[in-house]
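# Per-entry structural report
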Amino acid sequence: MPAAPLNIAVFGAGAVGIYVGASLLAAGADVVLIGRARMRGQIASQGLLLSDLEGRRQRLEGDQVPYQESPSALAAADLILVTVKSADSAAAASAIAGWAKPAALVVSLQNGVGNIDTLRSLLAGRQVLAAMVPFNVVQMEGNRFHRASGGELMVEAAAGLEPWLALFRQAGLPLQQCQDIAAVQWGKLLLNLNNAVNALSGLALKSELSQRAYRRCLALLIEEALAVLRAAGIHPARIAKAGPRLLPALLRLPDAIFTRVAATMLKIDPEARSSMWQDLQARRLTEVDYLNGAIVRLAESLARDAPANRRITALVHAAEQGGLQPLSGAALYRALRA
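In this convention, every chain numbers its residues from 1, walking through the sequence in written order. In keeping with the predicted nature of the model, local features appear solely for residues at pLDDT of at least 70, side-chain atom pairs appear and are counted solely at 80 or more, and the whole-chain, interface and lining totals rest on all residues. To get the side-chain values, take all heavy atoms of the structure and skip hydrogens and water.

Strands here mean DSSP runs of E at least two residues long; helices mean DSSP runs of H or I at least four residues long; both are numbered from the N terminus. Regarding its fold elements, the protein presents 15 helices and 12 strands. Taken over the C-alpha trace, the protein has a radius of gyration of 20 Å; the compact-globule value for 338 residues is 20 Å, and the two agree within 12%. Overall, the protein is about 55 × 40 × 35 Å in size when its C-alpha atoms are taken along their principal axes. Burial here depends on accessible area, computed with a 1.4 Å probe over protein chains only, as a share of the maximum for the residue type. Under 20% is buried, over 50% is exposed, and the range in between is partly exposed. Taken over 338 residues, the protein has a buried fraction of 55%. In this description, contact between two residues means that some pair of their heavy atoms is separated by no more than 4.5 Å. Residue pairs in contact within the protein that sit at least 24 positions apart in sequence constitute 69% of those at least 6 positions apart. Total accessible area computed for the protein in this model is approximately 14400 Å², and 52% of it derives from carbon and sulfur atoms. Only C-alpha atoms enter the radius of gyration, while the globule expectation follows 2.2 Å times N to the 0.38, with N the number of residues. Only the protein chains shown count as covering a residue, and every accessible area follows the Shrake-Rupley method with a 1.4 Å probe.

In short, DSSP must find at least two bridges between two strands for them to pair. Sheet topology note: the strand β11 (residues 153-156)/strand β12 (residues 175-178) ladder contains 4 bridges and is parallel. In the sheet register, L153 faces β12, and the bridge partner there is L175. Taking the sense of rotation as the criterion, the β-α-β connection linking β11, helix α5 (residues 165-170) and β12 turns out right-handed. By the criterion used throughout, a crossover qualifies as right-handed when its path from the first strand across the helix to the second strand runs clockwise, the strands pointing away from the viewer.

With that settled, the discussion passes to the sheet that holds strand β7 (residues 105-108). The strand order across the open sheet formed by 8 strands is β5-β2-β1-β6-β7-β8-β11-β12, and the pairing between neighbours is mixed. Each edge of the open sheet is held by one strand with a lone partner, namely β5 (67-68) and β12. Every axis in this analysis is a line fitted to C-alpha atoms, fitted for helices over the stretch in contact. Angles between the N-to-C directions lie between 0 and 180 degrees. Against the sheet, helix α1 (residues 15-26) engages β1 (7-11), β2 (30-34) and β6 (79-82), with an angle of about 160° to β2.

Orientation of helix α3 (residues 89-99) relative to helix α4 (residues 115-122), taken along the N-to-C sense of each, is 30°, at an axis distance of 9 Å. Remark: the crossing between α3 and α4 carries right-handed chirality. In this structure, α3 contributes S89, A90, A93 and A97 to the contact, and α4 contributes N115, T118, L119 and L122. As a working rule, the residues Ala, Val, Leu, Ile, Met, Phe, Trp, Tyr, Cys and Pro are called nonpolar, Asp, Glu, Lys and Arg charged, and the rest polar, with Gly in that last group. The residue inventory of the contact of α3 with α4, partitioned by class, reads 5 nonpolar, 3 polar and no charged. Two helices that cross are described as forming a left-handed crossing if the nearer one is turned anticlockwise from the farther one by less than a right angle, and a right-handed crossing if clockwise.

Helix span is expected to be 1.5 Å times the residue number reduced by one. With 21 residues, helix α9 (residues 212-232) extends 30 Å between its outermost C-alpha atoms, agreeing within 8% with the 30 Å of an ideal straight helix rising 1.5 Å per residue. Backbone geometry just downstream of α9 places G233 in the positive-phi region, at approximately 75°.

Next up on the list: the nonpolar core. Core analysis: the biggest nonpolar cluster contains 54 residues, and L193, L332 and L336 have the highest contact counts within it. If one sorts the elements of this core by residue count, α9 sits on top with 11 residues. Those residues within four positions of L193 in sequence are excluded, and the remaining contacts are L218, L221, I222, A225, L291, N292, I295 and N309. Side-chain atoms within 4.5 Å link the members of a nonpolar core, which is a set of buried Ala, Val, Leu, Ile, Met, Phe, Trp, Tyr and Cys residues. Listed in part, the 43 residues of the second largest apolar core include I18, A29, L79 and V137.

Let's shift gears to the environment of L200. The residue L200 is located in helix α7 (residues 194-201) in this model. By relative accessible area, L200 is classed as buried at 3%. Considered as a pair, L200 and L332 are 132 residues apart in the sequence and their alpha carbons are 8.1 Å apart. Discounting residues that sit within four places of it in the chain, L200 has contacts with I312, L315, V316, A319, L324, P326, L327 and L332.

Here we take up the packing of aromatic side chains. Each Phe, Tyr or Trp ring, with Trp reduced to its six-membered ring, pairs with another whose centre is within 6.5 Å; inter-plane angles below 30 degrees give stacked pairs, above 60 give edge-to-face pairs, and intermediate values give tilted ones. Counted by the stated rule, this structure contains 1 aromatic pair. A ring pair is formed by Y19 and F135, whose centres lie 6.0 Å apart and whose planes are at 65°; its orientation type is edge-to-face. Here Y19, found in helix α1, pairs with F135, found in the loop between β8 (128-132) and β9 (137-140); they are 116 residues apart in sequence, far enough to count as distant. Both residues of the pair, Y19 and F135, count as buried. When the NZ atom of lysine or the CZ atom of arginine is within 6 Å of a ring's centre and also within 35 degrees of its normal, the charge is said to sit over that ring. We note R147 situated over the ring of F135; from NZ or CZ to the ring centre the distance is 3.9 Å. When the ring centre of Y333 is taken as reference, the NZ or CZ atom of R216 above it lies at 4.0 Å.

Pasting the structure below:
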């Protein structure tokens, strides 16, 4: 624990933000969640239940969870965990600049690779660190927030993290510091290309990844992305058990072989789904432009094309408008190859 009481603000109380913030709160930290009125009402009336793959079940009553809608709650924070959607990064930076103490440490726990640049450009002079959340969190009935896959938080190495390391360990969220966080973020983005496949399949993650037809779609997207990254001189870090360049071949294996060789990839709760699927179900805009779309933009900057990632981005946008039913693996693969 830090030697003196230090305050944490979680800016963006979605599934990941609530799981991380509530875990820290349960470990004795002084935490405030900042988010929308709808979630504030849910927490006030139902409380929170935290669960995970290892059998954790920890309940927090509504009056145990400090929650604010106004960014003015940032004023007391010594550590700000940014968990807003990528499209809201600039607005979050503006709020932090207007309300937070200049000495507050800002850590981005967002998906994608461009958020840290946005935050830093708008928060000049402040310490802003990039991080990567490897696990999936799904909100379930009864206001249960379930960590449905494994992995440890990875964060850009910095001396400013020292006061927080013990607290995060106590919360079951140990921080693994790394020197090349950009490589880690690109490695995670390669895996996150599956978010769109999962969203369009309509299936739980484990069910989708257990079917070779869908894995072939993901292999195509990753293979294309790797070619673009090579052209850009970017070397993604190894996030899964298999290195990035082995993933396409691994994903294309027949189901019976894949389930044996890649058992750790399928160590996912049967209830887990991607955040993009959750966004489509809630009729919210997704982050596809910051995942598959990031590959498309990088390719364009190199006068190249990334047609499969471009097509799946368009398909997700169609689904956002309610114009697309779940696709079989074969149908999705045909669409990506068209």
